[in-house]
Every structure is written in C-alpha cells, then in structure tokens.
Amino acid sequence: MNWWITFLLMVSFTVIFVLIQRSEQSQRRIVWISMLVVLGLIGYWSITAQVVGEAVLGLLFGLLLTGLFWLLIGRYNPVGSSDNIKVLGLDD
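This structure is a prediction, so every number in the text was calculated from the model and none was measured.

Undergrad: Help me understand the overall build of the protein in this model?
TA: In terms of helices and strands, the protein carries 3 helices and 0 strands. For the protein, the sequential pattern of α-helices and β-strands runs α-α-α. Taken against the 2.2 N^0.38 rule, which gives 12 Å for 92 residues, the C-alpha radius of gyration of the protein at 17 Å runs more than 25% over that of a compact globule. Buried positions account for 23% of the 92 residues belonging to the protein. In the protein, the share of contacts with a sequence separation of at least 24, taken over all contacts with a separation of at least 6, comes to 78%.

Undergrad: What should I look at first to understand the nonpolar core in this one?
TA: Generally speaking, a soluble globular protein has its nonpolar side chains buried in company with each other. One finds Ile 5, Leu 9, Phe 13, Ile 16, Phe 17, Ile 20, Val 31, Met 35, Ile 42, Val 51 and Ala 55 forming the largest nonpolar core, which totals 11 residues. Mapped onto this core, the elements with two or more residues apiece are helix H1 (3-21) and helix H2 (28-48). By residue number, the principal contributor to this core is H1, which donates 6 residues. Residues in contact with Met 35, not counting those within four places in the same chain, are Ile 16, Leu 19 and Ile 20.

Undergrad: Hey, could you run me through a nonpolar patch on the surface in this one?
TA: Where nonpolar side chains cluster on the molecular surface, the patch consists of Met 1, Trp 3, Phe 61, Leu 64, Leu 65, Leu 68, Trp 70, Leu 71, Leu 72 and Ile 73 and spans about 1000 Å² of accessible area. Per element, the largest residue contribution to the nonpolar patch is 8 residues, and it comes from helix H3 (residues 52-74). Tracing the chain through its elements places Ile 73 in helix H3. Since its relative accessible area comes to 39%, Ile 73 is described here as partly exposed.

Undergrad: Hey, could you run me through the packing of aromatic side chains in this one?
TA: For any pair of aromatic rings, geometry is given as the distance between the ring centres together with the angle between the planes. This structure, assessed with the given rule, holds 2 aromatic pairs. Ring centres 6.3 Å apart and planes at 15° place the aromatic pair Phe 13 and Phe 17 in the stacked group. You can see Phe 13 and its partner Phe 17 sitting in helix H1, 4 residues apart, about one turn around the helix. Judged by relative accessible area, Phe 13 falls into the buried class, the value being 6%.

Undergrad: Explanation requested: the environment of Asn 77 in the structure shown.
TA: Relative to the helices and strands, Asn 77 is located in the segment after H3. On the accessibility criterion, Asn 77 (42% relative accessible area) is partly exposed. Along the backbone, Asn 77 and Ser 12 are 65 residues apart, and their C-alpha atoms lie at a distance of 23 Å.

How each quantity is defined
- Residues numbered from 1 in each chain as written.
- Predicted model: local features only at pLDDT ≥ 70, side-chain atom pairs only at ≥ 80, totals over all residues.
- Heavy atoms only, no water.
- Helix = DSSP H or I, 4+ residues; strand = E, 2+ residues; numbered from the N terminus.
- Rg over C-alpha atoms; globule rule 2.2 N^0.38 Å.
- Buried < 20%, exposed > 50% of the residue type's maximum accessible area, 1.4 Å probe, protein only.
- Contact = heavy atoms within 4.5 Å.
- Core = buried A, V, L, I, M, F, W, Y, C linked by side-chain atoms within 4.5 Å.
- Patch = residues over 30% accessible without salt bridge, like charges linked within 9 Å, V, L, I, M, F, W, Y side chains within 5 Å.
- Areas by Shrake-Rupley, 256 points an atom, 1.4 Å probe, with all protein chains shown as cover.
- Salt bridge = Lys/Arg side-chain N within 4 Å of Asp/Glu carboxyl O.
- Phe/Tyr/Trp six-rings, centres within 6.5 Å; stacked < 30°, edge-to-face > 60°.

Now the structure itself:
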C-alpha cells in the first residue's frame, strides 16, 4: 500500500466534499455535477493505476475529515447568500 497516494487522494476528496458542502444553495447543482465528473476521473484513474485500495481508504478518510469539518465549523456557520454581501467603502 502506497501511503503517499492515499494521502493525496484523501486531500483531493476532502477538498471536493468541502466545496460541495460550502457551495451556495443556488449553485449547488452545478458544483455537484462538476465534482461528480472529477470523482469519476479519479475513480477511472485509480482503476487503471491499480490503486483502488488506496482510493477507497482516501475516500473514507476524506469523508471522515469532511464530517469533522461540518461538525466543528459548518454546523455553526451556515453558507450565506451572495445577495447578502456588502462591500465596504461604496456609497450606494
């Protein structure tokens, strides 16, 4: 088992899942579709490179880290809307 590949896949999966989790509600479908394409490419690569075990372990660790992120940060800080953004210094 190659732990370096497992670590890189874990980081990749964690970034993907956090991006899905923290995307704005109106843009979530676009983010889901694009991330499913990326996950499919990672899955195809892991099958052709014969590192399916590392990919599954990286996926599990990524889900664990994303769950911890949601539990500690995401639950108390919900995703805002882009309509609520105010730019300081503009006289509107």
